[in-house]
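Observations on chain architecture
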Amino acid sequence: WWSQIKAGAPDPIFSVTEAYRADANPQKVLLGVGAYRTDEGMPFILPCVQRAKDMLGEQKLDHEYLPQGGYSEFNRAAARLALGEESDVLKNGLNLTVQALGGTGAIRLGMTFLSRFHTGCKVVYIPNPTWNNHKNISLNSGMEWKFYKYYNPEQKGMNFCGMCEDIENIPEKSIILFHAIAHNPTGFDPSPDQWKRLSNLCMERNLFVFFDMAYQGFATGDAEKDASSVRQFIKDGHQVAVAQSFSKNMGLYGERIGALTLVTNPLVASKEELERVNSQMKIVIRAMYSNPPLYGARVVSQVLNEQALRCQWLKDIKGMANRIQSVRQLLVAELKKVGSEKNWEHICKQIGMFSFTGLNKEQVEKLTKEHSVYLTADGRISVASLGGKNIPYVARAIHEVSK
Ligand code: PLP
Ligand code: TYF
């Protein structure tokens, strides 16, 4: 049955982990996949999550099926976190929020829904560059994807003019995807003023806006601030989709916990419209995975709904964001110390988990082959995976390949 199958391309991020595992060099360093590590290089269980798990462990919880839309307490908490306590959309019940299988699952669910029900152009415009999976998810959901300009490699910063020019030329009623916060891989986001201009532009072009929010709270350490792009667009009257992930900001990677929110139009919305949308969403879910898993939803809702745990979470994400920021500075200082005369300031300006170092493909290859430092071919490193011990080694290796 399978003899005619040609080998598929490996995932450009997970294949870096596989190559790292196969390397016998004891000094090897993995900076590929975005997973937060402690300063000692260990996976991090957030204290708020540990406490939530302890509290859940004491209860005799059953393992019944969740409804298709997931755990309703979790859904409410996730929507509040994304849209804000004071959100008019929430107060007026203008949102549909369903549990999803991580951020990936939320994007996939949203895209599948749109490919079935979006009445405009079934093309998703994504930033160049972007998280590679956006292309796969669009195609697998039955949509085409196209790039809009985002990054200027010469200046190591955003190409905001190019981005606006491209958006002005997107056909009306297309779908546009934005990273709500901490753009992966570049680490550069629009400023609040620029978001406002993008919101106006998307309104003029009549585009449907899809936010991928995988790093809320994780970027600046302030969960409210990190959601301001989404909230600006909603305030301006956009009917957005928001895909949330709790993989990074609660360290729940393997639990596959996320949420998808659709916002309806306040001018025409009615309970009845939402119910129709919800009924179709349930049909999409039923054919894909029937209903989502329980555990991650229980943990997140415990953390967000218990005042003491929520406070602890805010401390936990602040701690992670601060550590990443200090690692950026240590890395740049160390690069100077080992004699690099290149300008590495962009590493400190970027936000989120990653740094788009500007190293080219050949330099990346050398870094991996000669120094056992593993990163993706585009020169992205997971700063969140660097820690006290390996910073001098990595800085020296980067200097060696870039001088
Ligand atoms: N979107 C972006 C931009 C990401 O970087 C990631 C990475 O994890 C995701 C979505 C998916 O998150 P999850 O692991 O929750 O599926
Ligand atoms: O960009 C990253 O490293 C994370 C993790 O198919 C990830 O977003 C990588 C690849 C993938 C799913 C998640």
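Within an unreviewed UniProt entry, the label attached to the protein reads Aspartate aminotransferase, and the organism entered is Dendroctonus ponderosae. The UniProt entry for the protein carries the following text under Cofactor (unreviewed entry): "pyridoxal 5'-phosphate". You can read under Catalytic activity (unreviewed entry) in the UniProt record for the protein the words "L-aspartate + 2-oxoglutarate = oxaloacetate + L-glutamate".

Before going further, it helps to spend a moment on the sheet that holds strand E7 (residues 175-179). Read from one edge of the open sheet, seven strands run E2-E10-E9-E8-E7-E3-E4, paired in mixed fashion. Each edge of the sheet is formed by a strand with only one pairing partner; in this case those strands are strand E2 (95-100) and strand E4 (144-149). Averaged over neighbouring strand pairs, the angle between their axes works out to 25° when direction is ignored. Pairing analysis gives six bridges linking strand E3 (residues 123-128) to E4, with the strands arranged parallel. Within E4, the position partnered with isoleucine 126 by the bridge is phenylalanine 147. Packed onto the sheet, helix H3 (residues 72-83) meets E2, strand E8 (208-213), strand E9 (241-245) and strand E10 (258-263) and runs at close to 115° relative to E2.

A word on the site of ligand 2. Taken together, Asp11, Ile13, Phe14, Val33, Gly34, Trp131, Asn133 and Asn184 are the residues near ligand 2. Split by residue class, the shell around ligand 2 holds four nonpolar, three polar and one charged.

A cis amide bond links asparagine 128 with the next residue in sequence, proline 129, at an omega value of 5°. Here proline 129 is to be found in the loop between E3 and helix H6 (133-140). The omega angle of the peptide bond from asparagine 184 to proline 185 is 15°, so this bond is cis rather than trans. Tracing the backbone shows proline 185 in the loop between E7 and helix H8 (192-204). Look at arginine 256: it is not a glycine, yet its phi comes out positive at around 55°. Within the fold, arginine 256 resides in the loop between E9 and E10. Using a count of 19 C-beta atoms within 10 Å as the deciding quantity, one classes arginine 256 as partly exposed. Notably, serine 290 is not glycine yet its phi reads approximately 70°, a positive angle. Tracing the sequence through the fold places serine 290 in the loop between helix H10 (271-288) and helix H11 (295-305). Judged by local crowding, serine 290 falls into the exposed class, with 10 C-beta atoms found within 10 Å.

Turning next to the environment of glycine 187. Along the chain, glycine 187 falls in the loop between E7 and H8. Judged by the 23 C-beta atoms lying within 10 Å of it, glycine 187 falls in the buried class. A sequence separation of 162 residues divides glycine 187 from lysine 349, and the C-alpha atoms of the two residues are 8.2 Å apart. Excluding its chain neighbours within four sequence positions, the residues that come into contact with glycine 187 are Ala182, Gln350, Ile351, Gly352, Phe354, Ser355 and Phe356.

Moving on: the site of ligand 1. Neighbouring residues of ligand 1: Gly34, Gly102, Gly103, Thr104, Trp131, His179, Asn184, Asp212, Ala214, Ser245, Ser247 and Gly258. No other element matches the three residues that helix H5 (residues 102-117) contributes to the shell around ligand 1. Broken down by class, the residue content of the shell around ligand 1 amounts to two nonpolar, nine polar and one charged.

This part covers the pairing of E2. In terms of residue burial, E2 counts as a mostly covered element, since six of its six residues are buried. Residue alternation in E2 divides its side chains into two sets, Asn95, Thr97 and Gln99 and Leu96, Val98 and Ala100, and both sets are buried. Bridge count between E2 and E10: six bridges; the pairing is antiparallel. Pairing of leucine 96 across the sheet is with leucine 262, part of E10.

So, on to the environment of phenylalanine 210. Within the element layout of this structure, phenylalanine 210 appears in strand E8. Judged by C-beta crowding, with 23 C-beta atoms within 10 Å, phenylalanine 210 ranks as buried. In this structure, phenylalanine 210 is in contact with Gly110, Ile175, Ile176, Leu177 and Ala241, ignoring residues within four places of it in sequence.

Now for the packing of helix H7 (residues 160-168) against H8. Packing of H7 against H8 brings their axes to within 10 Å, and their N-to-C directions diverge by 15°. Overall, the two elements H7 and H8 adopt an arrangement that is roughly parallel. Where H7 crosses over H8, the handedness of that crossing is right-handed. When H7 is examined against H8, the residues Phe160, Cys164, Ile167 and Glu168 are found in contact with a partner set consisting of Gln194, Leu201 and Cys202.

What counts and what doesn't
- Residues numbered from 1 in each chain as written.
- Chains lettered and ligands numbered in written order.
- Predicted model: local features only at pLDDT ≥ 70, side-chain atom pairs only at ≥ 80, totals over all residues.
- UniProt positions renumbered as here; feature names shortened; annotations may be inferred.
- Pairing = 2+ DSSP bridges.
- Helix = DSSP H or I, 4+ residues; strand = E, 2+ residues; numbered from the N terminus.
- Axes fitted to C-alpha atoms, helices over the stretch in contact; angles between N-to-C directions.
- Contact = placed C-beta atoms within 7 Å.
- Near = placed C-beta within 6 Å.
- Nonpolar A, V, L, I, M, F, W, Y, C, P; charged D, E, K, R; others polar.
- Buried ≥ 20, exposed ≤ 12 C-beta atoms within 10 Å, placed from the backbone.
- Parallel < 35°, antiparallel > 145°, perpendicular 65-115°, else oblique.
- Left-handed = near helix turned anticlockwise from the far one by under 90°.

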